[in-house]
Amino acid sequence: MEDFYYRKLKVYHLAKELVADVYSLAKSFPKTEQYGLTSQLCRAVISIPSNIAEGMGRFSKKERVHFLEVAYGSLMETMCQLEIAEMLEYISEEQIQGIETKVTNASKMLISLRKAIENKITN
């Protein structure tokens, strides 16, 4: 296995873009949210590329799938928290729409990558 294989994955780069987007939005959240929604949202979004990288660094295909599933869960958590931020009027509908497109694309990519690895397990 090549070192830093995860760097070749489009989903990894898209996940890093999401990190930058979310961190940029989170800067505008109220200071009272620093240890609440802001912190939780930033931890969730940073977990996405981190788990992709960790998973692809594992030798076991089952472990790779596990970490991709964790990344997917963090992706869903991120979207949920962005919806809450919109509901609380910390961000606008327009701001969330651009990110939602990236979340949808990352979701599809993670599912495809997971299926490809699972196919290698069964074959």
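In case you missed it, the structure is sitting above this.
Residues numbered from 1 in each chain as written. Predicted model: local features only at pLDDT ≥ 70, side-chain atom pairs only at ≥ 80, totals over all residues. Heavy atoms only, no water.

As for the overall build of the chain
Part 1 of the argument: On a plain count of helices and strands, the chain comes out with 4 helices and 0 strands.
Part 2 of the argument: Reading the chain from its N end, one meets helices and strands in the order α-α-α-α.
Part 3 of the argument: The C-alpha radius of gyration of the chain comes to 15 Å, within 12% of the 14 Å expected for a compact globule of 123 residues.
Part 4 of the argument: Along the first, second and third principal axes, the C-alpha set of the chain runs to 50 × 25 × 20 Å.
Part 5 of the argument: A burial count over the chain gives 39% of its 123 residues as buried.
Part 6 of the argument: Within the chain, residue pairs in contact and separated by at least 24 positions form 74% of the contacts whose partners lie at least 6 positions apart.
Part 7 of the argument: When the accessible area of the chain is evaluated, it comes to approximately 7300 Å², of which 53% is carbon and sulfur surface.
Part 8 of the argument: Distance from the positive charge centre (16 side chains) to the negative charge centre (16 side chains) of the chain: 10 Å. (Helix = DSSP H or I, 4+ residues; strand = E, 2+ residues; numbered from the N terminus. Rg over C-alpha atoms; globule rule 2.2 N^0.38 Å. Buried < 20%, exposed > 50% of the residue type's maximum accessible area, 1.4 Å probe, protein only. Contact = heavy atoms within 4.5 Å. Areas by Shrake-Rupley, 256 points an atom, 1.4 Å probe, with all protein chains shown as cover. Lys, Arg positive; Asp, Glu negative; His and termini not counted. Charge placed at Lys NZ, Arg CZ, Asp CG, Glu CD.)

Thoughts on the side chain of Thr38
Part 1 of the argument: Of note, Thr38 is situated in helix H2 (residues 37–56).
Part 2 of the argument: Classification of Thr38 by relative accessible area gives buried; the value is 14%.
Part 3 of the argument: Among residues more than four places away in sequence, those in contact with Thr38 are Ala26, Phe29 and Glu33.

A closer look at helix H1 (residues 10–26)
Because an α-helix packs 3.6 residues into every turn, residues spaced three or four apart end up facing the same way.
Part 1 of the argument: In this model H1 runs 24 Å from its N-terminal to its C-terminal C-alpha over 17 residues, within 8% of the 24 Å that 1.5 Å per residue would give.
Part 2 of the argument: Among all positions in H1, only Val11, Tyr12, Leu14, Ala15, Leu18, Val19, Val22, Leu25 and Ala26 are buried. One side of H1 carries all its buried residues, which in axial view fall inside an arc of 160°.
Part 3 of the argument: Looking at the buried positions of H1, the neighbouring elements they touch are H2, helix H3 (61–87) and helix H4 (93–122). (Expected span 1.5 Å × (residues − 1). Arc of directions from axis to C-beta.)

Honestly, that's just the spatial picture; any functional story needs more than this.
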